[in-house]
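Residues per chain, in single letters:
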Amino acid sequence: MTADATKTAGTPAIICENVGKWFGDFAALRGVSCTIEHGEVVVVIGPSGSGKSTFIRCINHLENHQQGRIVVDGIELTNDLRNIDAIRREVGMVFQQFNLFPHLTVLGNITLAPIWVRNQTRTQAEETAMSLLERVGIPEQANKYPGQLSGGQQQRVAIARALAMNPKIMLFDEPTSALDPEMIKEVLDVIKELARSDMTTIVVSHEMGFAREVADRVMFFDYGSIVEEGTPEHFFTNPQNERTKLFLSQIL
Amino acid sequence: MVTPPDPPPPPKASQHARPPFWRNEVILKWVVQVAFLTAFVWLFWIVVTQATANLRATGISFSWDFLREPPGIKLSEGFNTDPATSLEALAAGMVNMLRITWSGIIVATLLGTLIGVSRLSSNWIVSRIANGYIEFFRNIPLLVQIFFWQAIIISAFPDLTAERAGAGWIIPSPKGIAIPWLIPQAGRWQYMALIIAGAVIARLVYRRRIDLQESEGRETHAMAWGVSVLVLFLAAGWFIHPVMGVLGWLFSALAWTMGAAPVLVFQILLAAAAIWAAFHYIKGYLDRRRTPAGMAKMTDEDYFRLSLVGVVGLAAALLFISGTGDTLLSHVLGRTPFFNMNWGLEPLFDFLASRFDFSGGSPLRFTRPEVVVPTRFAQYSQEVGKAFSPGYLSIWTGVTLYTTAFIAELVRAGIMAVPKGQSEASQALGMRRGRRMRLVVLPQAFRIILPPLGSQYLNLAKNTSLGIAVAYAEIVQVGQTIFNQTGQALAVFLIWMGFFAAVSLILSAVVNYYNRKMKLVER
Ligand SMILES: Nc1ncnc2c1ncn2[C@@H]1O[C@H](COP(=O)(O)OP(=O)(O)O)[C@@H](O)[C@H]1O
Ligand SMILES: [Mg+2]
């Protein structure tokens, strides 16, 4: 614990140095470097297939990066299972397709990892789960199964499930892309509330209004690398790169 | 937690206007059901009367009498190789069929799971080998495979000769394969009872540890506990099994009760039980439809099912009661009762009572197989070791390896049908491979696999009838010999059908039970 604390003090939340990733011959990430500070909120945008998902999936080792260094909260991501476990303890993730466990209730989904990975008692885990469900606004759905919820409710359960592990960093991979328009707001509101707390947050999103409102920094990905980054201010009013301009003109 | 407001009550009755009866879905459904049932009974009646008439014309009248007569055959193997009646011969054939079925199902399930998981392995060689196995065994007709194994056994091993006389460990020959075996001794009944008790207790301990783990959140090593308890019973039971001799007293007491109480009592009890079971089912069914706001509206299926259960329950009760009437009548008329409802429980308990005593000694004896030369020909010893016949080996290996290939495919498909996101989500939550499989992937894969797995079990059971091709004395082979000798084809067919239907129904009942359990968890 003390070792962790000293690590946290000075180091940034995430350091990426020249990260590269290939799928066969195809280079999905081509030398990505960035530093993300604790409490920072980063919104990642970019055309489809530009490597945004691959990038954030490398951060919790769902993908294995093949070049460069990734250091999360002072722990370097290597093939060492101990490091991978340690980093996954720090990092929570929310997926585009929710990926809730259909055979468990909402409460079962949220408490599964705290009980089996964190060795919490069931009562303790359920208490935490209920307070998280209050936080995302659906405590009354606790005993339903995922299949009985709307998309927006499912995604909020997924957020609560990730938060139950008490992570320091949250990764969101297009959390609203699979939702009907009227449900996008309820999910974004939850993420906004999180971003305003001191959670380090990386969100892949095409919701420009949301990016403008909560991002400390916006990164633009294209062809597997960061083409341009800056404050939302700079980004939306005065982009420098041609490709950024083209992308923004298409999306806005 | 916020309690949601009570839902509004469901409507008590249909609020639609009534359509004319020929367009009324409910009425039509009932009419079709009843018409279908009538047609079925009628057809069955025609077939049976016709078949009996035809048989009579050929001079063979349908009767079950041959079952009580000597079969005129010896069985090549089984618990009763020299049966006194055809019934005994058929029973030995049934047991031979079940011997293959149960062990085949267990081995095919384990091996199939292993190969199915290997098929998905990231290790290229392992996955190729598994794939080769599946393709090979799935694509060659089962009968060919069975002949193949028989040919291997008959041609590949050296003959049993006088020079090979003496004990060994594994002795293959064209007469089969003999291996070391644990031979049950007198104490096995006590030992078996102890092991059953041990298994039940181990299961309780396992559940208790799981509950503890869930409520206190520390690793409680539930599996290790359960296994240790079982091992403890297995080990200690070897020495203390005579204590189970008390069961002998229990069974004698039960047998005495059965003998002392008049048959009437059982018939009345059975009738009451039938009515109670039907009532219980209907009540439970209605209870599940009762919401705080009143009864949910019942569908036609509900009504149909409830009336069916009611009718069947009443019919069973009537049957038992008429049995009672029959017994009373036979007292008056002095003839033997037509329905004998003691159900052989008294002899059964007598039999069990005679098996349990307080004698010590090891319940099982380890023996090595031996080749003996009692006459001019060398053969496997009947007393020590265990010799499997070529017929048994080829049919067992054939159906088991064949079914294994299909089960492997099911397991693979089941695991692959669980979306990748499930595994990724649990990975992101920090679960390692074993937990991920056990808590997230397998529960979902199992739900998908279970129904087709049941039909693979049925296939295995039915395919044992190919034993006839290699002269393995299972029910079909024995039955065929008997009907060749007696001409009672119809009776033998009915016995076959009844037996295979019973086996299939039991297997499906077990699979359906688990299937329902899994479904309930789902929604
Ligand atoms: N598992 C994979 N195998 C092969 N190619 C992949 C895989 N995952 C992603 N890719 C490819 O890598 C590129 C980047 O993908 P991704 O990071 O998902 O893009 P984005 O999230 O920005 O849309 C895409 O061209 C995609 O086709
Ligand atoms: Mg993506």
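Worth saying up front: this structure is predicted, and the values here are computed from it rather than measured.

1. Focus on the overall build of chain A
Okay, so step 1: Helices and strands together make up the secondary structure of chain A, namely 10 helices and 10 strands.
Okay, so step 2: Over its C-alpha trace chain A gives a radius of gyration of 18 Å, about what one expects of a compact globule, namely 18 Å for 252 residues.
Okay, so step 3: Overall, chain A is about 55 × 45 × 35 Å in size when its C-alpha atoms are taken along their principal axes.
Okay, so step 4: A buried classification covers 59% of the 252 residues belonging to chain A.
Okay, so step 5: Sequence separation of at least 24 residues holds for 66% of the intrachain contacts in chain A that already meet a minimum separation of 6.
Okay, so step 6: Summed over its atoms, the accessible surface of chain A is roughly 10,300 Å², and 48% of this surface lies on carbon and sulfur atoms.
Okay, so step 7: Both charge centroids of chain A, one from 23 positive and one from 31 negative side chains, sit 3 Å from each other.

2. Quick notes on the overall build of chain B
Okay, so step 1: The helix and strand inventory of chain B stands at 15 helices and 10 strands.
Okay, so step 2: With 523 residues in all, chain B has 36% of them scored as buried.
Okay, so step 3: Per element, the accessible surface of chain B, about 30,900 Å² overall, is 70% carbon and sulfur.

3. Let's talk about the packing of helix α4 (residues 106-116) of chain A against helix α6 (residues 151-163) of chain A
Residue and element names in this part refer to chain A.
Okay, so step 1: Closest axis-to-axis distance for the α4/α6 pair is 8 Å, and the angle between their directions is 25 degrees. Relative to α6, α4 is oriented roughly parallel. Between α4 and α6 lies a crossing whose hand is right-handed. The segment α4 lies against α6, with Val106, Asn109 and Ile110 engaging Val157, Ala160 and Arg161.

4. What about the pairing of strand β3 (residues 41-45) of chain A?
All names here are of chain A.
Okay, so step 1: Most of β3 is tucked away: 5 of the 5 residues are buried.
Okay, so step 2: Going residue by residue along β3, you find Val41, Val43 and Ile45 tucked away on one face and Val42 and Val44 tucked away on the opposite face as well.
Okay, so step 3: Where β3 lies against strand β8 (residues 200-204), 4 bridges are found, and the strand directions are parallel. Of the residues in β8, the one forming a bridge with Val44 is Val204.
Okay, so step 4: In terms of strand pairing, β3 meets strand β9 (residues 217-222) through 4 bridges, oriented parallel.

5. Concerning the interface of chain B and chain A
Okay, so step 1: Listed by partner, the interface residues are 29 residues for chain B and 34 residues for chain A.
Okay, so step 2: Regarding the contact of chain B and chain A, the summed buried area is about 2,900 Å², with carbon and sulfur atoms giving 58% of it.
Okay, so step 3: If you look at where chain B meets chain A, you find 2 salt bridges.
Okay, so step 4: The partner of Glu424 of chain B in a salt bridge is Arg57 of chain A, with the nearest N and O atoms 2.7 Å apart.
Okay, so step 5: Sorting the residues of the side of chain B that touches chain A by element identifies α5 (188-216), α12 (420-428), α13 (433-463) and α15 (489-522) of chain B as the ones contributing at least two each.
Okay, so step 6: Residue classes in the side of chain B that touches chain A are distributed as 11 nonpolar, 9 polar and 9 charged.

6. Some remarks on the site of ligand 1
All names here are of chain A.
Okay, so step 1: Ligand 1 sits among Phe23, Phe26, Ala28, Pro47, Ser48, Gly49, Ser50, Gly51, Lys52, Ser53 and Thr54.
Okay, so step 2: Between ligand 1 and the protein, one listed contact pairs an oxygen atom with a backbone N or O atom of Ser50 at 3.2 Å.
Okay, so step 3: One of the side-chain nitrogen or oxygen atoms of Lys52 is found 2.9 Å away from an oxygen atom of ligand 1.
Okay, so step 4: Protein chains bury 60% of the 550 Å² of accessible surface belonging to ligand 1 in isolation.
Okay, so step 5: Of all elements in the fold, only β2 (26-36) and α2 (52-59) reach the threshold of two or more residues within the shell around ligand 1.
Okay, so step 6: A total of 3 residues in the shell around ligand 1 trace back to one element, the largest contributor, which is α2.

7. Brief notes about unusual backbone geometry
Okay, so step 1: A positive phi angle, close to 50 degrees, is found at Asn18 of chain A, a residue other than glycine.
Okay, so step 2: You can see Asn18 of chain A is positioned in strand β1 (residues 14-23).
Okay, so step 3: Positive phi outside glycine occurs at Ala471 of chain B, with the angle close to 55 degrees.
Okay, so step 4: Locating Ala471 of chain B in the fold gives a position in the loop between α13 and α14 (475-486).

8. A look at the sheet that holds strand β3 (residues 176-179) of chain B
Picture the strands of a sheet paired through backbone hydrogen bonds; they go either parallel or antiparallel.
Residues and elements named next belong to chain B.
Okay, so step 1: Here 3 strands make up an open sheet; going across it, the order is β2-β3-β10 and the pairing antiparallel. The strands lining the two open edges of the sheet, one partner per strand, are β2 (171-173) and β10 (386-388). Taken over all neighbouring pairs, the strand axes of this sheet differ in orientation by 15 degrees on average, direction set aside.

9. Details of the pattern of salt bridges
Okay, so step 1: Applying the stated criterion to the full structure yields 25 salt bridges over all chains.
Okay, so step 2: A salt bridge links Glu193 of chain A to Arg135 of chain A; its shortest N-O distance comes to 3.3 Å. Highlighted residues: Glu193 of chain A in helix α7 (residues 181-196) and Arg135 of chain A in helix α5 (residues 122-136), separated in sequence by 58 residues.
Okay, so step 3: Judged by relative accessible area, which is 38%, Arg135 of chain A ranks as partly exposed.
Okay, so step 4: The salt bridge involving Asp82 of chain B is made with Lys74 of chain B; its shortest N-O contact spans 3.8 Å.

10. As for the sheet that holds strand β4 (residues 67-72) of chain A
Residue and element names in this part refer to chain A.
Okay, so step 1: Taken together, the 4 strands give an open sheet; going across it, the order is β2-β1-β4-β5, and neighbouring strands pair in antiparallel fashion. Each edge of the open sheet is held by one strand with a lone partner, namely β2 and β5 (75-76).
Okay, so step 2: Strand direction decides the pairing type here: β1 and β4, joined by 5 bridges, are antiparallel. By the bridge assignment for β4, Ile14 is matched with Val72.
Okay, so step 3: The strands that α2 touches are β1, β2 and β4; relative to β2, the one it contacts most, it runs at about 60 degrees.

11. Structural notes on the environment of Asn463 of chain B
Residues and elements named next belong to chain B.
Okay, so step 1: Among the structural elements, Asn463 can be located in helix α13.
Okay, so step 2: Once the C-alpha coordinates of Asn463 and Leu143 are considered, the two residues, 320 residues apart in sequence, prove to be 9.3 Å apart.
Okay, so step 3: Once residues lying within four places of it in the same chain are set aside, the contact partners of Asn463 are Leu142, Ile395, Val399 and Tyr402.

12. Some thoughts on the domain arrangement of chain B
Okay, so step 1: Each assigned domain of chain B is listed here: domain 1 (21-59), domain 2 (67-160 + 388-518) and domain 3 (191-355).
Okay, so step 2: When each unit is reduced to the centre of its C-alpha atoms, the spacing between domain 2 of chain B and domain 3 of chain B is 29 Å.

13. With respect to the side chain of Ser205 of chain A
Okay, so step 1: Relative to the assigned elements, Ser205 of chain A resides in the loop between β8 and α8 (208-214).
Okay, so step 2: There is a polar contact of 3.0 Å between the side chain of Ser205 of chain A and the backbone nitrogen of Glu207 of chain A.

Conventions and cut-offs
Residues numbered from 1 in each chain as written. Chains lettered and ligands numbered in written order. Predicted model: local features only at pLDDT ≥ 70, side-chain atom pairs only at ≥ 80, totals over all residues. Heavy atoms only, no water. Helix = DSSP H or I, 4+ residues; strand = E, 2+ residues; numbered from the N terminus. Rg over C-alpha atoms; globule rule 2.2 N^0.38 Å. Buried < 20%, exposed > 50% of the residue type's maximum accessible area, 1.4 Å probe, protein only. Contact = heavy atoms within 4.5 Å. Areas by Shrake-Rupley, 256 points an atom, 1.4 Å probe, with all protein chains shown as cover. Lys, Arg positive; Asp, Glu negative; His and termini not counted. Charge placed at Lys NZ, Arg CZ, Asp CG, Glu CD. Axes fitted to C-alpha atoms, helices over the stretch in contact; angles between N-to-C directions. Parallel < 35°, antiparallel > 145°, perpendicular 65-115°, else oblique. Left-handed = near helix turned anticlockwise from the far one by under 90°. Pairing = 2+ DSSP bridges. Buried area = accessible area lost by both parts, 1.4 Å probe. Salt bridge = Lys/Arg side-chain N within 4 Å of Asp/Glu carboxyl O. Nonpolar A, V, L, I, M, F, W, Y, C, P; charged D, E, K, R; others polar. Near = heavy atom within 4 Å. Polar contact = N/O pair within 3.5 Å; in protein donor to acceptor, adjacent residues only side chain to side chain. Domains from an automatic or database assignment.

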